[in-house]
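# An overview of the molecular structure
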Amino acid sequence: MEVGELMRGLLLVAMFAGAARPEMPEQMLAAHNAVRAKLGVEPLAWSAPLAAYAQQWADHLVSTHGFQHRANARYGENLYAVEGDGAAARPDDVVRAWAGEARRYDYRANSCRDVCGHYTQVVWRATREVGCGVARSSGYEVWVCNYSPPGNVIGQRPY
């Protein structure tokens with residue numbers, strides 16, 4: 001192996017060291033669709049372009065140790081983070097946390113007690129696609145999912 005090939009290989013390993021495991025898209029999609037199925041809402045499809053968009057933001061958040069939504073986002077967006085030694089989550093942990101907000105959503109009043117927008121985005125009937133990314137650094141992990149079309153439209157019910 002030539003030195004140039006070795007360097008390219010090492011660069012690729014370095015670039016993807018913090019990236020999601022290959023099974024993450026299937027697991028994340030299954031977790032989302034399990035929540036939606038309980039409400040009779042059509043399943044989502046995985047979107048590679050949305051996943052790339054989400055991954056870019058997850059990488060940015062980890063590199064800055066930030067945790068805020070992208071400004072002027074054109075898609076719906078859910079964020080999740082864990083911190084501490086060995087910080088790591090699985091797709092079902094992430095979606096379970098968002099779905100756990102269901103107890104704060106009042107369907108009849110179409111309102112939230114405290115935070116429930118992550119849940120309503122997961123189950124938003126008009127949303128058709130999702131793509132997610134995850135980035136890690138020592139002791140910090142951020143998950144980002146983007147949704148198209150976006151949900152949480154004021155005055156509309158999620159399902």
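Here the structure is shown first, and the text comes after it.
Here we summarise the structure given alongside this text. Keep in mind that this is a model prediction, so the values were computed, not measured.

### Remarks on helix H2 (residues 24-37)
Along its 14 residues, H2 runs 20 Å from first to last C-alpha, staying within 8% of the 20 Å computed at 1.5 Å per residue. Within H2 the residues assigned to the buried category are Met24, Met28, Leu29, Ala31, His32, Asn33, Val35 and Arg36. Against strand E1 (45-46), helix H4 (91-99), helix H5 (117-123), strand E5 (129-137) and strand E6 (140-148) lie the buried residues of H2.

### Details of unusual backbone geometry
Most of the time, phi is negative for any residue but glycine, and the peptide bond is trans. In this structure, the amide linkage connecting Ser148 to the following residue, Pro149, adopts the cis form with an omega of -15°. Tracing the sequence through the fold places Pro149 in the segment after E6. Its identity as a non-glycine residue notwithstanding, Asp114 has a phi of 70°, on the positive side. If you trace the backbone, Asp114 turns up in the loop between strand E4 (111-112) and H5. We classify Asp114 as exposed; its relative accessible area is 64%. A positive phi is found at Asn152, a non-glycine position, where the angle reads about 60°. With respect to the helices and strands, the residue Asn152 is situated in the segment after E6.

Reading the values: the criteria
- Residues numbered from 1 in each chain as written.
- Predicted model: local features only at pLDDT ≥ 70, side-chain atom pairs only at ≥ 80, totals over all residues.
- Heavy atoms only, no water.
- Helix = DSSP H or I, 4+ residues; strand = E, 2+ residues; numbered from the N terminus.
- Expected span 1.5 Å × (residues − 1).
- Buried < 20%, exposed > 50% of the residue type's maximum accessible area, 1.4 Å probe, protein only.
- Contact = heavy atoms within 4.5 Å.

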